[in-house]
Protein chains: 2
Amino acid sequence: MNDTFLKACRGEKTDYTPVWIMRQAGRYLPEYQKVRSKVDFLTLCKTPELAAEVTLQPVDILKVDAAILFSDILVPVEAIGMKLEFSESKGPILYDPVRDSIGVSRLRTLDPEEDVPFVMDTIKLLKQGLKVPLIGFSGAPFTLATYMIEGGSSRNYVNTKRMMYSEPELFHRLMDKITDCVISYLKAQIDAGVDAVQVFDSWAGILSPSDFDEFALKYVQKIISSLKPGLPKIYFAFNGSAMLNHVQKSGADVLGIDWRIDMSDAINTLGPDAKVQGNLDPCTLFGTKDVIARKAAEVVKKGMAAKGHIFNLGHGILPETPVDNAKALVQTVHEVSSKER
Amino acid sequence: MNDTFLKACRGEKTDYTPVWIMRQAGRYLPEYQKVRSKVDFLTLCKTPELAAEVTLQPVDILKVDAAILFSDILVPVEAIGMKLEFSESKGPILYDPVRDSIGVSRLRTLDPEEDVPFVMDTIKLLKQGLKVPLIGFSGAPFTLATYMIEGGSSRNYVNTKRMMYSEPELFHRLMDKITDCVISYLKAQIDAGVDAVQVFDSWAGILSPSDFDEFALKYVQKIISSLKPGLPKIYFAFNGSAMLNHVQKSGADVLGIDWRIDMSDAINTLGPDAKVQGNLDPCTLFGTKDVIARKAAEVVKKGMAAKGHIFNLGHGILPETPVDNAKALVQTVHEVSSKER
């Protein structure tokens, strides 16, 4: 197995900078579209043969150094009792949002083998013959809470913050339940064979640093410290680049970095022992090949100041992205980083 | 005149921390809704008597230390040749977005007295008897460019970045034209009597720091250096808290700070000579009075490490905000900061 990704997670020397791309199994790939045209999105997540097939596509097509389980962060939320639907226009919809004590009490405890067996089945299928490490993942409790409270995506997260600022005990009770769910969900993925996990805190960046500490961080810390020692854990607090000194306290081995900060500044804040993942603006892939090569090389070079660097975009690859540009990016990262070593 | 706000902008000693609130003349106020119910939004912007009336409302109701001209950042964009409409659901719509050389060439030069006389008329009306300083404003070139290229708000700004990364000369030509427009627009406001200006770069935060330097910052620098010396200039690069070391190069007297960074960290980055404005999360105003008072006091105390601090939210006040909570906020800031001195 190509273990460059895992070595970088551990801060060990590598021959080149490993790279994978958030949402690499996704709509920008015609091969994905073909599979997706046969079934709806949630069915794709829940059908191990198909989920495994699309998980593998970018490994073959882009030559990335890691695969990430194809699924959605809301899959376990549905499993503990909320009705979930994906709308083409509005994105995810969670019916009967959690806004009071009854809503919190109604949430069930997750039994992964019983409730989401397809996730572990997908992992087991993938581990037969996969040539790169497999990353499992979960949404972070705060991010999952926003979806559960708002009932989907939101502009200003008023309902979430109203609960935080006016009924903090209720909010923390919800977070406790979600945290337990995430821990058993990730443990089951690890037992099924994933080589690393990433915790996506996609909406951590709507919080001030002090609110992040009070309402989000401690739950991430609990998750990280509950999981198998030695297995690499990545935490990505999107739009949290101005509070990396707080994000760093998560206990994760690797921190995801978005494109809103210069990679050198991020590493300066985190210190030379940091292991980082990121951080090219996903929209760079709409530029010319020259622009892509130049900007990717800058990130590669800056990343070398960290103890470990996994190249990635600073957010998920966009559906409109030309596949050839994604391929060129992976190739550039491999070439430039091999030469620089 | 209560000149506490202007003193803080200049870094002079004040008896208390002055405060105003972004979008303080807006939908959360029943008095605003009453005026707005009679005319559409753009008519309100273009009718000096009404624009002046709503500009004054928060000064009377909240007791803030500055007024800000009621208008919209897209008013001058319409004036240089784009068709503008405000949709209740989608927000602003600019027809025929600028995507090519013809689109850029078609834009006219702004003649403020000819094209937007109502802005200067509103300022002149307001300056008769206003008891607090009046802030004029403009959108920053990059932010205006995103609206002009996307045709409105956007999720990922793919069209804007595609132009930046594949036709940079065209993008810079557009930015040159917008910059000239902003300069003459702000000069006309200053000639009409505003006491300070704020440049809103609401979408600067979608840029990486190096792209900010290349595609946004130099135009802001040109604007700031073109305006009347001595008149306080505020620059607010929203969601730019992880690149304050770049934002700082704008040359503005005061920098707006959003809530994604701890105010102490912001001041540490900028240095003790910095003058800052911000940075309470607007959603704090959905909390209990206790939470509002505690969180506002924290910002006030941290702000005292800067040479000047103007208290504000980290973004515009939201339409659903209870007016009483906004009043309580202003009172808390005045009381706590008077005692702390």
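The numbers attached to residues start from 1 for each chain and follow its sequence in the written order. Written order decides the labels, with chains lettered from A and ligands numbered from 1. In view of the model being predicted, local features appear only for residues whose pLDDT reaches at least 70, and side-chain atom pairs are presented and counted only at 80 or more, with totals across whole chains, interfaces and linings using the full set of residues.

**Q** Just to check I follow, could you spell out helix α8 (residues 117-127) of chain B for this structure?
**A** For an α-helix the count is 3.6 residues per turn, leaving residues at separations of three or four pointing the same way. All names here are of chain B. In this scheme every C-beta is placed from the backbone, and a residue whose C-beta has 20 or more other C-beta atoms within 10 Å is buried, one with 12 or fewer is exposed, and one in between is partly exposed. Helical segments are the DSSP runs of H or I of at least four residues, strand segments are the runs of E of at least two, and each set is numbered from the N terminus. Buried within α8 we find V119, T122, I123 and L126. Buried residues along α8 cover an arc of 100° about the axis, so they all sit on one side. Residues of α8 that are buried sit in contact with α4 (48-62), β1 (67-68), α5 (75-79), β4 (134-139) and α11 (168-192). G129 sits one or two positions beyond α8 and adopts a positive phi of about 95°. Note: the arc covers the axis-to-C-beta directions of the helix. What counts as a contact here is a pair of residues whose C-beta atoms, placed from the backbone, lie within 7 Å.

**Q** So what exactly am I meant to see when it comes to helix α16 (residues 323-340) of chain A here?
**A** All names here are of chain A. Here the expected span of a helix is defined as 1.5 Å times the quantity of residues minus one. The terminal C-alpha atoms of α16, which comprises 18 residues, lie 26 Å apart, in line with the 26 Å expected from a rise of 1.5 Å per residue. A326, L329, V330, T332, V333, H334, V336 and S337 are the residues of α16 that are buried. Buried residues belonging to α16 abut α4 (48-62), α15 (289-303) and β9 (308-313).

**Q** Help me understand the interface of chain A and chain B in this model?
**A** It is common to give the size of an interface as the accessible area that goes away when the parts come together. In this assembly, 27 residues from chain A lie in contact with 27 residues from chain B. Within the residue set of the side of chain A that touches chain B, elements represented by two or more residues are α10 (158-166) and α12 (209-226) of chain A. When residues of the side of chain A that touches chain B are assigned to their parent elements, the largest contribution, five residues, is made by α10(A). Of the residues belonging to the side of chain A that touches chain B, the class tally is 12 nonpolar, nine polar and six charged. Ten residue types, Ala, Val, Leu, Ile, Met, Phe, Trp, Tyr, Cys and Pro, are classed as nonpolar, four, Asp, Glu, Lys and Arg, as charged, and the remainder, Gly among them, as polar.

**Q** Honestly, the nonpolar core in this entry has me stumped. Any pointers?
**A** Put simply, a nonpolar core is buried Ala, Val, Leu, Ile, Met, Phe, Trp, Tyr and Cys residues tied into one set by C-beta atoms within 7 Å. Core analysis: the biggest nonpolar cluster contains 234 residues, and A67(A), I135(A), A216(A), A67(B) and I135(B) have the highest contact counts within it. Those residues within four positions of I135(A) in sequence are excluded, and the remaining contacts are A66(A), A67(A), I68(A), L69(A), V194(A), A196(A), V197(A) and Q198(A).

**Q** Looking at this model, I keep getting lost on the sheet that holds strand β7 (residues 254-256) of chain B. Mind explaining?
**A** Strand pairing in a sheet relies on backbone hydrogen bonds. The paired strands run either parallel or antiparallel. All names here are of chain B. What the seven strands build is an open sheet, ordered β1-β4-β5-β6-β7-β8-β9; its pairing is parallel. This sheet does not close on itself; its edge strands, each paired only once, are β1 and β9 (308-313). As paired strands, strand β8 (residues 275-280) and β9 are joined by six bridges and run parallel to one another. Following the sheet pairing, K275 is matched in β9 by G308. Should DSSP find at least two bridges between two strands, the strands are regarded as paired.

**Q** How do you make sense of the relation of the copies chain A and chain B when you look at a structure like this?
**A** Each copy of the chain is related to the other by a rotation around an axis and a translation along that axis. All copies are superposed by least squares; the fitting set is the C-alpha atoms of residues with a pLDDT of at least 70 in both. In the superposition of chain A on chain B (RMSD 0.0 Å, axial shift 0.0 Å), the rotation amounts to 180°. On this basis, the relationship between the two copies can be described by a two-fold rotation axis. The position closest to the rotation axis in chain A is occupied by the C-alpha of A242(A), lying 2.1 Å away. The residues that chain A uses at the interface reappear at the interface of chain B in 100% of cases, marking a shared surface.

**Q** What's the story with the packing of α4(A) against helix α8 (residues 117-127) of chain A in this structure? I'm lost.
**A** Helices that pack against each other are described as a pair by the angle of their axes relative to one another and the distance between those axes. Residue and element names in this part refer to chain A. Orientation of α4 relative to α8, taken along the N-to-C sense of each, is 50°, at an axis distance of 9 Å. With respect to each other, α4 and α8 are oriented oblique. Considering how the two elements wind past one another, α4 and α8 form a crossing that is right-handed. Contacts between α4 and α8 involve P48, E49, A51, A52 and T55 on the former and, on the latter, F118, D121, T122, L125 and L126. Every angle, taken between N-to-C directions, lies between 0 and 180 degrees, and every axis is a line fitted to C-alpha atoms, over only the stretch in contact when it is a helix. The scheme is simple: roughly parallel for angles under 35 degrees, roughly antiparallel for over 145, roughly perpendicular for 65 to 115, oblique for anything else. Helix crossings are classified by the rotation of the near helix relative to the far one: an anticlockwise turn of less than a right angle makes the crossing left-handed, while a clockwise turn makes it right-handed.

**Q** How should the pairing of β8(B) be read in this particular structure?
**A** Look at any regular strand and the pattern is simple: side chains alternate between the two faces of the sheet. All names here are of chain B. The buried fraction of β8 is high, at six of six residues. Bridge analysis of β7 against β8 gives two bridges, and the strand direction is parallel. Residue pairing across strands places L255 opposite V276, the latter belonging to β8. When the strands point away from the viewer, a crossover counts as right-handed if the path from the first strand over the helix to the second runs clockwise. With helix α14 (residues 263-270) bridging β7 and its parallel neighbour β8, the resulting β-α-β unit is right-handed. The handedness of the β8 to β9 crossover, carried by helix α15 (residues 289-303), is right-handed.

**Q** Teacher, can you tell me more about the sheet that holds β9(A) here?
**A** All names here are of chain A. Taken in spatial order, the seven strands of this open sheet run β1-β4-β5-β6-β7-β8-β9, and their pairing is parallel. Both edges of this open sheet fall to β1 (67-68) and β9, since each of them pairs with a single strand only. Bridge count between strand β6 (residues 233-237) and strand β7 (residues 254-256): three bridges; the pairing is parallel. The residue bridging F236 from the neighbouring strand is G256, located in β7.

**Q** Looking at this structure, I do not really get the packing of helix α9 (residues 141-150) of chain B against α11(B). What am I missing?
**A** Residues and elements named next belong to chain B. One way to put it is that α9 packs onto α11 with a least axis distance of 9 Å and a crossing angle of 120°. In terms of axis orientation, α9 runs oblique to α11. Handedness of the α9/α11 crossing: right-handed. Seen from α9, the contacting residues are P141, L144 and A145; seen from α11, they are L174, M175, I178, T179 and V182. Tallied by class, residues from the contact of α9 with α11 come to seven nonpolar, one polar and no charged.

**Q** So what exactly am I meant to see when it comes to the pairing of strand β3 (residues 91-94) of chain B here?
**A** Residue and element names in this part refer to chain B. Sheet topology places strand β2 (residues 84-87) next to β3; four bridges connect them, and they run antiparallel. Its bridge partner lying in β3, L84 is registered against L94. Between β2 and β3, which follow one another and run antiparallel, lie three residues.

**Q** Would you mind going over unusual backbone geometry with me for this structure?
**A** Where the residue is not glycine, phi is negative for most of them; where a peptide bond is considered, it is trans in most cases. All names here are of chain A. That bond from G278 to N279 is cis: its omega, -5°, falls within 30 degrees of zero. We note that Y157 has phi near 55°; this positive angle belongs to a residue other than glycine. Structurally, the position occupied by Y157 is in the loop between α9 (141-150) and α10. When the 18 C-beta atoms within 10 Å are taken as the criterion, Y157 is described as partly exposed.

**Q** I keep staring at the confidence of the model for chain A and nothing clicks. Help me out?
**A** Detailed reading of predicted coordinates is not advised where the pLDDT is low. A score from 0 to 100, pLDDT tells how confident the predictor is in each residue. Averaged over chain A, the pLDDT score is 97; the fraction of residues at 70 or greater is 100%. For this predicted complex, the interface score ipTM comes out at 0.96, alongside a pTM of 0.97.

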